[in-house]
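# Breakdown of the fold
Residue strings, one per chain:
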Amino acid sequence: MITLKSEREINLMHEAGKLLAQCHKEIKKMIKPGITTLQIDQFVEKYLADHGATPEQKGYKGYQFATCASLNDEICHGFPTNKPLQNGDIVTIDMVVNLNGALADSAWTHTVGEISEEAKRLIDVTYTALYKGIAQAQVGNRTGDIGHAIQSYVEGENFSVVRDFTGHGIGNTMHEEPTILHYGKPGKGPRLKEGMVITIEPMVNVGTWHAKMDDNGWTARTTDGKLSAQYEHTIAITKNGPVILTEH
Ligand code: MF3
Ligand code: CO
């Protein structure tokens, strides 16, 4: 069932989203060679607590951390670790903030020191792909319009779109209907209605889109060991167009 949110509910999610965006900005300032993703995770816990919020991912299906920290060839659900970040790394920090019971979900890919031209282009294309998807998040469009816009753009740039992980509805729980594929055909899938709140979160790979799961049962990485990036926003569908609830 797809739940439609009231203006009041969307406003509460927007408050959570603004805090989340602010937290990502703080992380961006912290990231440099030598820092660990566990330090970032601990920072996030404290930052959210200081602002009256909680990390929704911690404890979700047994997940142990406030954030997912996916490094280089890790696609998503990377565990924060004690390993210092190195010059040239890219790392995606993904988190869900709970503020007064309202949730917001957003991921940014950060760069560590000087990165390669290929990594730069990957990150640019991933970011642009997210906004191509958001532009389709209009009342009356279908979910497939979002997926198609992302896939056609990314593949035109000679990168690939991950299939195994998707966007989703979100509200008082992290994962709701509908599923938002980042690939697909225009005119297919559920119709978007005023009051729906969804995430769009394309994961884009330099090489193959195929993913394999680590032994930890969570972390997905590229089968060819090439880089993967991700950007994610939480979006409200309104009669005035898409409203990004997690924009900074
Ligand atoms: N934030 C993720 C998403 O985009 C969910 C991560 S799974 C978790 O849907 F267990 F870590 F929470
Ligand atoms: Co999400």
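Residues numbered from 1 in each chain as written. Chains lettered and ligands numbered in written order. Predicted model: local features only at pLDDT ≥ 70, side-chain atom pairs only at ≥ 80, totals over all residues. Heavy atoms only, no water.

### A word on the site of ligand 1
Not every one of the 14 residues close to ligand 1 is listed here, only the nearest: Q57, D94, H168, H175 and E201. One nitrogen or oxygen atom from the side chain of H175 is found 2.8 Å from an oxygen atom belonging to ligand 1. Separating an oxygen atom of ligand 1 from a side-chain N or O atom of E232 is a distance of 3.2 Å. Protein coverage of the free-state accessible area of ligand 1, which is 340 Å², stands at 97%. (Near = heavy atom within 4 Å. Polar contact = N/O pair within 3.5 Å; in protein donor to acceptor, adjacent residues only side chain to side chain. Areas by Shrake-Rupley, 256 points an atom, 1.4 Å probe, with all protein chains shown as cover.)

### Points about the sheet that holds strand β6 (residues 160-161)
Spatial ordering of the open sheet is given by β6-β10-β13, a layout of 3 strands whose pairing is antiparallel. Across the chains shown, the open sheet's two edge strands, defined by having one partner strand only, are β6 and β13 (228-230). Note that strand β10 (residues 203-205) and β13 share 3 bridges and pair antiparallel. By the bridge assignment for β13, V204 is matched with A229. (Pairing = 2+ DSSP bridges. Helix = DSSP H or I, 4+ residues; strand = E, 2+ residues; numbered from the N terminus.)

### A few points about the side chain of T126
Looking at where T126 falls in the secondary structure, it is placed in helix α3 (residues 117-135). Those residues within four positions of T126 in sequence are excluded, and the remaining contacts are P202, V204, A229, Q230 and Y231. (Contact = heavy atoms within 4.5 Å.)

### Considerations on the coordination of the cobalt ion (ligand 2)
At the metal site, the cobalt ion (ligand 2) is ligated by D105 (OD), H168 (NE2), E201 (OE) and E232 (OE), and these contacts range over 2.1 to 2.2 Å. All donors of the cobalt ion (ligand 2) belong to a single chain; written as a sequence motif, their spacing is D-x62-H-x32-E-x30-E. Of this pair, E201 sits in the loop between β9 (197-200) and β10 while E232 sits in the loop between β13 and β14 (233-238); the two residues are 31 residues apart in sequence, bridging distant segments of the chain. E201 gets classed as buried once you look at its relative accessible area, which sits at 7%. You can call E232 buried: its relative accessible area is 0%. (Donors = N, O, S within 2.8 Å, 3.2 Å for Na, K, Ca; no water. Buried < 20%, exposed > 50% of the residue type's maximum accessible area, 1.4 Å probe, protein only.)

### Digging into the pattern of salt bridges
Where charged atoms from two side chains of opposite charge approach closely, those side chains can pair. In the structure shown here, the tally under the stated rule is 12 salt bridges. Ionic pairing is found between D73 and R221, a salt bridge with its closest N-O pair at 3.2 Å. Pair noted here: D73 is in the loop between β2 (68-71) and β3 (74-76) and R221 is in strand β12 (residues 220-222), with a separation of 148 residues, a long-range link. Exposure class is identical for D73 and R221. Each is buried. In this structure, the salt-bridge partner of E194 is K239, at a minimum N-O distance of 3.8 Å. Of this pair, E194 sits in the loop between β8 (176-180) and β9 while K239 sits in the loop between β14 and β15 (241-244), and the two are 45 residues apart along the sequence. Here E194 falls in the partly exposed class, since its relative accessible area comes to 44%. (Salt bridge = Lys/Arg side-chain N within 4 Å of Asp/Glu carboxyl O.)

### Focus: the packing of aromatic side chains
Throughout the structure, instances matching the rule amount to 7 aromatic pairs. Relative to F79, the ring of F65 lies with its centre 5.4 Å away and its plane at 50°, an arrangement referred to as tilted. One end of the pair, F65, is in the loop between β1 (53-55) and β2; the other, F79, is in the loop between β3 and β4 (90-99), with 14 residues separating them in the sequence. Judged by relative accessible area, F79 falls into the partly exposed class, the value being 25%. Over the face of the ring belonging to Y153 we find K132, whose NZ or CZ atom lies 5.1 Å from the ring centre. Over the ring of Y183 we find R163, and its NZ or CZ is 5.0 Å from the ring centre. (Phe/Tyr/Trp six-rings, centres within 6.5 Å; stacked < 30°, edge-to-face > 60°. Lys NZ or Arg CZ within 6 Å of the ring centre and 35° of its normal.)

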